[in-house]
Amino acid sequence: MKFHWFHLMPYPELPDDFVEKHRSVWVDYPNSEFDPAVGNRAYNEYLGQLEFAGEVGFDGICVNEHHSNAYGLMPSPNLMASILARTTTKPKIVVMGNSVALYNPAIRVAEEMAMIDVLSNGRLVAGFPVGTPMDTAFCMGQNPATLREKYREGVDLVLKAWTSREPFAFNGQYNQLRYVNIWPRPVQQPHPPVWIPGGGSIETWDWCVENDFLYAFLSYFGYKRAKATMESFWEVVDKRGAEMNPYRAGFLQFVAIAENEAEAERIYGPAACYFYNRALRVYPGFASPPGYSTIATLRKGIGSQVVDTTKLPDLTWKDIVNQGFVVTGTPDSVAQQLNEMADVMRVGHLMMLFHFGNLPDAAVRYNTERFAKEVAPKLRHRFSDWEDRWWPKDPVAAPAPVLVPA
Amino acid sequence: MLNSEKIAVRNGPAQTVYRGGRGEPLFWLHGLQRPQADDPVLNALAEHFEVFAPVAPGYDDLTEIDEIRDVHDLALQYDGLMQALGLNGVTVGGHSLGAMVAAELAAHVTARAKRLVLASPLGLWNDAYPVADLIARPVPEIDELLWAGAGHRPDIRAEEEAADPAVRVERLVTLASQLTTFAKFTWPIPDRGLRRRLPRITAPTLVMFGADDAFVPARYAEDFVALLEHGRKRVRPGGHMLPYEHPAGFAAEVAEFARVPTYA
């Protein structure tokens with residue numbers, strides 16, 4: 001089993017009266033509320049935490065893409081990944097990922113990700129999300145009626161650009177290019193592992209299995225609620241006759257390690273409430289534009305993660321823990337819960353959130369280090385009889401030395 | 001009550017067309033909601049005209065608009081439908097998105113319309129009075145944007161939770177198909193270049209708005225008229241759903257406009 005340290009990079013100073021004054025953390029929360037000095041401190045602190053995660057032994061460090069919001073300050077994950085490619089040598093860099101439909105032409109994604117792969121000497125994991133409704137339709141003006149078609153075409157173009165060794169023409173519906181011939185091309189052959197972060201869309205599961213992409217279910221509601229979704233995914237895998245390899249699946253989970261319940265609440269409670277009650281506040285009108293969910297998904301009765309977040313009541317730490325959104329406890333207890341999660345969900349790749357909303361740096365590092373030292377070793381053996389085909393192979397050449405100015 | 005039949009269209013999806021009434025033909029393109037046989041506006045119009053009212057492609061089956069990729073494809077689809085119905089040089093009109101498409105049709109193939117009626121049309125954008133964002137409205141709140149006063153409100157919402165989950169899901173699918181079609185031709189800004197094509201329209205055109213239209217402000221009436229060679233505006237008390245707020249009065253006004261031989 002592999003463990004990845006995921007940073008959302010939220011804006012850490014949403015005011016106490018945020019909920020009374022603003023309907024949404026996304027799309028129309030005015031940037032007059034963004035303090036660049038706070039942003040400067042946050043970016044540098046957050047990059048330091050990702051680097052620290054690499055040092056203490058996490059397999060991957062993860063960044064993602066969101067727009068026009070205070071929930072996550074990474075309009076360009078590639079900028080963050082390129083920094084981490086220089087300041088780390090061990091962890092793989094999991095870009096979760098680039099919303100390819102937002103790039104025109106999508107060849108830009110192939111180029112930038114190839115740059116990160118070359119810079120990091122083959123440590124890139126390439127994630128391709130459709131993107132949330134808020135990011136794609138509302139912030140970036142994409143038509144929800146054609147978003148998924150454009151997204152699929154973009155992924156096709158990126159993969160073809162990575163794997164073709166001769167210039168080719170691409171006559172797509174959304175990308176027309178007379179000459180596709182990217183420089184640089186990726187280190188990893190035939191291309192970096194492709195991960196598809198998603199909610200529960202039925203076509204996505206078929207598509208992942210068909211193309212041998214990893215499917216990552218990103219949810220803030222814990223593994224007990226995600227069980228049904230993952231079971232449906234594994235049914236699709238099984239029905240299509242694909243290998244039931246746990247490494248073809250990933251899941252996202254908040255973890256909070258402490259000595260006892262009182263300490264957990266003291267350390268993580270306020271920051272977790274900040275995350276669920278402020279940083280995750282999305283106006284319902286931005287959650288499900290028509291066309292974003294396909295008819296097949298509607299017919300299957302699969303709900304939307306984003307719509308679920310708009311229905312959250314004001315939560316206390318006890319609510320968050322009791323509903324299983326956060327796995328919390330002593331290292332032994334967390335190991336036991338995640339062991340059970342591995343049984344239930346069958347996920348070989350666990351993306352983990354150790355930073356909650358506005359959690360202070362010292363607490364983030366405490367949480368991170370205790371997990372790496374006291375929990376991860378207890379779980380690493382899980383799924384060791386399966387080959388992980390969705391992970392960068394160790395590079396043949398030694399990585400270039402990291403040159404950080406004194 | 002109107003009858004409906006499925007009409008084959010050359011080089012495009014077949015379309016359901018509601019027909020009824022006697023008189024001069026009227027080719028009418030509906031707005032946000034799919035018409036039914038008892039549609040009050042179509043039935044009121046059928047008191048004056050022989051009405052031909054197609055259901056927009058995509059409304060009953062989203063795959064119908066897979067290859068209708070833009071307003072040009074859409075205008076040519078309706079041109080093909082008029083050809084199939086044998087309609088040429090008739091009164092053409094529509095409401096809301098239907099009015100925008102009627103204007104595109106009349107601009108693409110000018111001979112199809114001898115009179116054009118645009119009720120609460122989308123299609124232009126003015127930074128000084130932007131069109132409201134209907135797509136960002138939670139469905140239960142859409143009505144506030146559309147209706148200024150009382151009137152016959154056709155149901156565009158999923159009704160109260162039906163007991164049968166299959167019924168609930170099908171209602172959701174219907175609503176999603178209609179709004180997705182709407183979004184395809186209007187999101188993110190309902191400006192697909194109609195401004196450049198409105199001057200092509202040769203038909204005398206009546207532009208009607210509800211004075212209290214909270215979705216497409218009535219001030220757009222002036223923008224349309226300024227770009228039309230033979231445009232005339234009428235702003236009446238009402239909202240975006242003006243035709244549905246006053247079906248009989250609305251139909252009488254359309255009929256009167258269609259009878260006038262030329263502008264004075």
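Predicted model, so just to flag it, every value in this text is computed and none were measured.

A. Seen up close, the overall build of chain A. The helix and strand inventory of chain A stands at 14 helices and 11 strands. Taking 2.2 N^0.38 as the reference for a compact globule, 406 residues should give roughly 22 Å; the C-alpha atoms of chain A span a radius of gyration of 20 Å, in line with that estimate. Considering only contacts in chain A between residues 6 or more positions apart, those separated by 24 or more positions represent 79%. Counting only carbon and sulfur atoms, one obtains 51% of the accessible surface of chain A, whose full area is about 16,300 Å². When the 38 positive and 45 negative side-chain charges of chain A are each reduced to one mean point, those points stand 4 Å apart.

B. Summary view of the pattern of salt bridges. Residue and element names in this part refer to chain A. Tallied over the full model, the rule gives 36 salt bridges over all chains. The residue Arg389 makes a salt bridge to Glu243 at a minimum N-O spacing of 3.5 Å. Taken together, the residues Arg389 in the segment after α14 (361–379) and Glu243 in the loop between α8 (222–239) and β9 (249–257) connect sequence positions 146 residues apart. Among the ionic contacts, a cluster of salt bridges with common partners joins Asp212, Glu243, Arg248 and Arg389.

C. Main features of the interface of chain B and chain A. The interface is formed by 21 residues belonging to chain B together with 21 residues belonging to chain A. Carbon and sulfur atoms supply 66% of the area that chain B and chain A bury against each other, a total of about 1,600 Å² over both sides. Counting the contacts that link chain B with chain A gives two salt bridges. The interface formed by chain B and chain A contains nine residue pairs in polar contact (both at pLDDT 80 or more). Partitioning the side of chain B that touches chain A into residue classes produces 12 nonpolar, two polar and seven charged.

D. Main features of the nonpolar core. By size, the foremost hydrophobic cluster in this structure holds 241 residues, and its most contacted members are Phe128 and Phe371 of chain A together with Phe27 of chain B. Looking at which element gives the most residues to this core, the answer is helix α9 (residues 261–279) of chain A, with 10 residues. When residues no more than four places from it in sequence are discounted, the contact partners of Phe27 of chain B are Phe52, Pro54, Tyr78, Leu81, Met82, Leu85, Leu87, Val90, Thr91, Val92, Gly93 and Leu105 of chain B.

E. Fine view of the sheet that holds strand β2 (residues 12–20) of chain B. Residue and element names in this part refer to chain B. Strand order in the open sheet made by the eight strands is β1-β2-β4-β3-β5-β6-β7-β8, with mixed pairing throughout. What marks the edges here is a single partner per strand, and that holds for β1 (3–9) and β8 (231–236). Sheet twist, expressed as the mean angle between neighbouring strand axes with direction ignored, is 20°. Looking at chain direction, strand β5 (residues 90–95) and strand β6 (residues 113–119) are connected through six bridges and run parallel. Bridge pairing in β6 places Gly93 opposite Val117. Sitting on the sheet, helix α3 (residues 97–108) is in contact with β3 (25–29), β5 and β6, with an inclination near 145° to β5.

F. The packing of helix α13 (residues 331–345) of chain A against α14 of chain A, seen in detail. All names here are of chain A. Close contact between α13 and α14 brings their axes to 9 Å; oriented N to C, the two are set at 45°. The angle between α13 and α14 falls in the class oblique. Considering the relative orientation of α13 and α14, their crossing is right-handed. Two secondary-structure elements touch here, α13 through Pro331, Asp332, Val334, Ala335, Leu338 and Asn339 and α14 through Arg370, Phe371, Glu374, Val375, Lys378 and Leu379. A breakdown of the residues in the contact of α13 with α14 according to their chemical character gives seven nonpolar, one polar and four charged.

G. Representation of the environment of Pro193 of chain A within the structure. Residues and elements named next belong to chain A. Its location among the elements puts Pro193 in the loop between β6 (176–180) and β7 (194–198). By relative accessible area, which is 10% here, Pro193 ends up buried. For the pair Pro193 and Phe52, spaced 141 residues apart in sequence, the C-alpha separation works out to 24 Å. Residues within four places of Pro193 in sequence aside, it is in contact with Leu124, Val125, Ala126, Gln188, Trp390, Trp391 and Pro392.

H. Main features of the packing of aromatic side chains. All names here are of chain A. Applying the stated rule across the entire model yields 34 aromatic pairs over all chains. Taken together, a centroid distance of 5.9 Å and an interplanar angle of 50° make the contact between Phe254 and Tyr276 tilted. You can see Phe254 sitting in strand β9 and its partner Tyr276 sitting in helix α9, a full 22 residues away along the chain. Phe254 gets classed as buried once you look at its relative accessible area, which sits at 1%. Where Tyr283 meets Phe286, the ring centres are 5.1 Å apart and the plane angle is 75°; that geometry is what we call edge-to-face. In this structure Phe286 comes out as buried when scored by relative accessible area, which is 3%. A connected cluster of aromatic rings, assembled from ring pairs, spans Trp26, Tyr71, Tyr220, Phe221, Phe254, Tyr268, Phe275, Tyr276, Phe325 and Phe356. Between Arg23 and the ring centre of Tyr283, over which it is positioned, the NZ or CZ distance is 3.9 Å. If you follow Arg382 out to its NZ or CZ, it ends over the ring of Phe383, 5.1 Å from the centre.

Conventions we followed
Residues numbered from 1 in each chain as written. Chains lettered and ligands numbered in written order. Predicted model: local features only at pLDDT ≥ 70, side-chain atom pairs only at ≥ 80, totals over all residues. Heavy atoms only, no water. Helix = DSSP H or I, 4+ residues; strand = E, 2+ residues; numbered from the N terminus. Rg over C-alpha atoms; globule rule 2.2 N^0.38 Å. Contact = heavy atoms within 4.5 Å. Areas by Shrake-Rupley, 256 points an atom, 1.4 Å probe, with all protein chains shown as cover. Lys, Arg positive; Asp, Glu negative; His and termini not counted. Charge placed at Lys NZ, Arg CZ, Asp CG, Glu CD. Salt bridge = Lys/Arg side-chain N within 4 Å of Asp/Glu carboxyl O. Buried area = accessible area lost by both parts, 1.4 Å probe. Polar contact = N/O pair within 3.5 Å; in protein donor to acceptor, adjacent residues only side chain to side chain. Nonpolar A, V, L, I, M, F, W, Y, C, P; charged D, E, K, R; others polar. Core = buried A, V, L, I, M, F, W, Y, C linked by side-chain atoms within 4.5 Å. Buried < 20%, exposed > 50% of the residue type's maximum accessible area, 1.4 Å probe, protein only. Pairing = 2+ DSSP bridges. Axes fitted to C-alpha atoms, helices over the stretch in contact; angles between N-to-C directions. Parallel < 35°, antiparallel > 145°, perpendicular 65-115°, else oblique. Left-handed = near helix turned anticlockwise from the far one by under 90°. Phe/Tyr/Trp six-rings, centres within 6.5 Å; stacked < 30°, edge-to-face > 60°. Lys NZ or Arg CZ within 6 Å of the ring centre and 35° of its normal.

Geometric descriptors of this kind do not, in isolation, establish any biological role.
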